[in-house]
Amino acid sequence: MSYAGSRNGNAMQLGLFMPNCSYGYSISTYKPDPNDWTFESNLRIARAAEAAGFDFLFPVAKWQGYGGETDYLGTSLETFTWASALLANTTTINIFSTVHVPVFHPVATAKMGATLDHIGNGRWGLNIVSGWSEHEFGMMGIEVIAHEERYRRTEAYIEILKGLWTQEPGSFNYECPWYTITGGNVLPQPMHKPHPIIANAGVSEDAKALVSKQCDWAFISPPSVAEAPAVVADIKERARKLDRNVQCACYPFVLWRDSESEAQEERQRIVENMDRVAVDNWASGLKIQSGSFDKFTAEMYAFGGGALPLVGSKTQVAESLRELYDGGMDGFLMVMLDYYQDTIRFEQEILPLLKQMGVRA
Ligand SMILES: Cc1cc2nc3c(=O)[nH]c(=O)nc-3n(C[C@H](O)[C@H](O)[C@H](O)COP(=O)(O)O)c2cc1C
């Protein structure tokens with residue numbers, strides 16, 4: 001399946017990494033609108049993104065915050081119910097939910113997803129994450145299983161979703177160490193054929209193997225603009241060997257001002273107001289030795305939660321997006337400092353440049 005997820009025939013797909021969680025996404029007390037996580041604000045941003053012609057909206061699924069002064073991501077809107085209301089209040093933009101495999105049974109996910117796809121008239125997509133946080137899963141009494149097994153389970157989960165969404169209702173059977181499905185039945189089936197877009201957000205070898213085999217989109221996190229083409233080429237080559245197409249998207253933090261130095265000053269304000277307690281908690285959750293990681297790493301996490309920094313003038317940001325796109329990146333889940341204002345500014349200041357460059361219609 002080759003699903004562009006785009007509108008208006010655009011090749012470069014533009015989306016927002018939405019602030020459905022508090023302090024999304026810099027681990028810093030410097031935030032122009034600390035209440036942008038509210039539904040009212042998310043809806044306002046979604047409508048602005050739709051009016052700007054963006055292709056998709058994407059949330060983060062979180063069950064616990066990271067403490068500190070910000071309690072980073074600690075207040076969050078659950079992503080299926082969030083998508084439901086946004087789909088009902090928009091008309092063209094694609095909207096994702098994110099599922100943690102161990103939290104929802106695949107039949108429940110298939111059913112909720114089919115419902116969302118009907119509410120959105122075929123505009124819903126699913127990001128499937130294996131889950132890694134002992135803090136979050138510990139709260140639920142769910143064990144975080146070993147990495148490789150985690151991904152084998154995620155693969156089974158995707159096979160079950162596809163079976164429920166595409167096979168004759170009532171006829172789908174599946175047996176694996178984690179699930180037994182007998183006469184699997186999901187009615188209505190989703191509107192988007194053959195099934196809603198399926199994405200995975202992971203960075204490991206296991207994740208790359210999974211996306212190339214099972215997913216439509218890989219949401220990836222390349223270390224730099226220069227290194228992105230190799231990461232993309234690797235995933236696309238793996239998929240091509242399996243006679244499949246996978247599209248790749250990364251999450252850049254787009255921060256632009258009239259001059260590069262003004263943009264760098266803004267970046268500096270974010271970093272100077274880093275919530276070090278939350279950064280340490282975040283890093284130790286990722287199994288990075290928080291006591292030993294250096295200033296550079298701490299600042300990288302503080303600035304957009306590890307997003308790829310695209311900081312400069314509007315021309316520099318547009319050129320970096322084009323460079324990533326020319327290197328094979330199909331889409332962008334953009335992180336912003338002030339989502340509502342920046343979406344409008346992006347439409348006015350950066351989109352025209354991307355159009356001049358011929359990468360957006
Ligand atoms: C763009 C992007 C979005 C992600 N969204 C979530 C999320 O919503 N919830 C979550 O628990 N993990 C999320 N993750 C974490 C990944 O699922 C994954 O566990 C992490 O990147 C480590 O990669 P690995 O599982 O391949 O080792 C996201 C990662 C990326 C790159």
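Structure first, text after, so check above.
As a starting point, this report considers the structure included with it. This is a predicted model, so every value here is computed, not measured.

About the criteria used
- Residues numbered from 1 in each chain as written.
- Predicted model: local features only at pLDDT ≥ 70, side-chain atom pairs only at ≥ 80, totals over all residues.
- Helix = DSSP H or I, 4+ residues; strand = E, 2+ residues; numbered from the N terminus.
- Expected span 1.5 Å × (residues − 1).
- Buried ≥ 20, exposed ≤ 12 C-beta atoms within 10 Å, placed from the backbone.
- Contact = placed C-beta atoms within 7 Å.
- Core = buried A, V, L, I, M, F, W, Y, C linked by C-beta atoms within 7 Å.
- Pairing = 2+ DSSP bridges.
- Near = placed C-beta within 6 Å.
- Nonpolar A, V, L, I, M, F, W, Y, C, P; charged D, E, K, R; others polar.
- Axes fitted to C-alpha atoms, helices over the stretch in contact; angles between N-to-C directions.
- Parallel < 35°, antiparallel > 145°, perpendicular 65-115°, else oblique.
- Left-handed = near helix turned anticlockwise from the far one by under 90°.
- Arc of directions from axis to C-beta.

Moving on to helix α5 (residues 147-166). An ideal rise of 1.5 Å per residue puts 28 Å on 20 residues; α5 measures up with 29 Å between its terminal C-alpha atoms. Buried within α5 we find Arg150, Tyr151, Thr154, Glu155, Tyr157, Ile158, Ile160, Leu161, Leu164 and Trp165. For α5, the elements touching its buried residues are α3 (106-119), β4 (124-129), β5 (172-175), β6 (180-184), β7 (197-201) and α6 (205-214).

Across soluble globular proteins, you tend to see nonpolar side chains buried next to one another. Membership of the largest hydrophobic core comes to 107 residues, with the highest contact counts inside it found for Leu16 and Leu57. For this core, the element with the most residues is α5, which contributes 7 residues. Apart from residues no more than four positions distant in its own chain, Leu57 is found in contact with Gly15, Leu16, Met18, Ala46, Ala49, Leu86, Ile93, Ile95 and Phe96.

It is worth spelling out the pairing of strand β11 (residues 308-312) at this point. In terms of burial, β11 is largely enclosed, as 5 of its 5 residues are buried. As paired strands, strand β10 (residues 252-256) and β11 are joined by 5 bridges and run parallel to one another. Its bridge partner lying in β11, Leu255 is registered against Val311.

Near the ligand there are 18 residues, and of these Val129, Ala201, Gly202, Ser204 and Ala207 occur at the shortest range. Counted by class, the shell around the ligand contains 10 nonpolar, 8 polar and no charged residues.

With that out of the way, let us pick up the packing of α3 against α5. It is the contact of α3 with α5, at a shortest axis distance of 9 Å, that shows an interaxial angle of 50°. Considering the angle they form, α3 stands oblique to α5. Read as a crossing pair, α3 and α5 show a hand that is right-handed. Facing α3, whose interface residues are Pro106, Val107, Thr109, Ala110 and Ala114, α5 presents Tyr157, Ile160, Leu161, Leu164 and Trp165.

Since one α-helical turn is 3.6 residues long, residues separated by three or four positions face the same way. Taking 1.5 Å per residue, 13 residues should reach 18 Å; helix α11 (residues 314-326) reaches 18 Å between its end C-alpha atoms and fits that length. For α11, the full list of buried residues reads Val317, Ala318, Leu321, Leu324 and Tyr325. All buried residues of α11 project into a common sector of 125° when viewed along the axis, lining one side. If you follow the buried residues of α11, they end up packed against α7 (228-241), β9 (247-250), β10, β11, β12 (331-334) and α12 (339-356).

Here we come to the packing of α6 against α7. How two helices pack is summed up by the angle between their axes together with the distance between the axes. Viewed as axis vectors pointing N to C, α6 and α7 meet at an angle of 45°, and their least axial separation amounts to 8 Å. On the basis of the axis angle, α6 is oblique to α7. With respect to the hand of their crossing, α6 and α7 are arranged in right-handed fashion. Side by side, α6 and α7 meet where Lys208, Val211 and Ser212 of the first sit next to Asp234, Ile235, Arg238 and Ala239 of the second.

Geometric values such as these leave the question of function open.
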